[in-house]
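Here are the chains, one letter per residue:
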Amino acid sequence: MELTEENREKLYADFHNKVARYVAGKVPNPHDAEDLVSCVFLKVYQKLDSFDERKAAVSTWIYTIAQNTVIDYYRTRKQFSELPEDLTEESEIDLKLINDERLEQLCAALEQLDMRSRDLIILHYYKGFTLKIVAEKMQMSYANAKVIHRRALQKLRGFLGENE
């Protein structure tokens, strides 16, 4: 497609609102979304001479550029937080001790559950089975498994001193 002023204006008129709606749906900040729409059309104009209408429709090509522009936006906007300077190996050891203590409390709480509830929790959370599969393995209905699961979690929260 030839890059003439008329082609540029027609592409912009035909696709600006559609691209703007697409970008606005993906990027919550309206100022960033507006900037991205401008970037999309800048890329469209820059690459218009390489567009091959035998490979794709103009709309598909423009939406692909819009999608890639949004992906690039999020890729470059990843926020990295720095670790505090006072973080030392000692604080990592403290966290490990706290986690170990919490695990011991959880094990003790699990032991207080009846065998069926404990088995259900272990199969679901530690073995990674869905409640439907757990129900089949334990030869009970899915509805019963859900009830036992909910009650077991309530009991565990009570044993661990946590509110729902």
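If you're wondering where the values come from, they're calculated on a predicted model, not measured in any experiment.

(A) Looking closely at the pattern of salt bridges. For the structure on display, the rule yields two salt bridges. For D14, the salt bridge is made with K10, and the minimal N-O distance between the two is 2.9 Å. One end of the pair, D14, and the other, K10, are both in helix 1 (residues 5-26), four residues apart, so they sit about a helical turn from each other. According to the relative accessible area criterion, K10 is exposed, its value standing at 52%. Across the salt bridge formed by D52 and R54, the nearest N and O atoms sit 3.1 Å from each other.

(B) Representation of the packing of aromatic side chains. A complete count under the given rule lists five aromatic pairs for this structure. Between F15 and Y63, the ring centres sit 6.4 Å apart and the planes meet at 85 degrees, which makes this aromatic pair edge-to-face. Remark: Y63 occurs in helix 3 (residues 58-76) and F15 occurs in helix 1; sequence separation between them is 48 residues. With a centroid separation of 6.3 Å and an interplanar angle of 45 degrees, the aromatic rings of F41 and Y45 are classed as tilted.

Conventions used here
Residues numbered from 1 in each chain as written. Predicted model: local features only at pLDDT ≥ 70, side-chain atom pairs only at ≥ 80, totals over all residues. Heavy atoms only, no water. Salt bridge = Lys/Arg side-chain N within 4 Å of Asp/Glu carboxyl O. Helix = DSSP H or I, 4+ residues; strand = E, 2+ residues; numbered from the N terminus. Buried < 20%, exposed > 50% of the residue type's maximum accessible area, 1.4 Å probe, protein only. Phe/Tyr/Trp six-rings, centres within 6.5 Å; stacked < 30°, edge-to-face > 60°.

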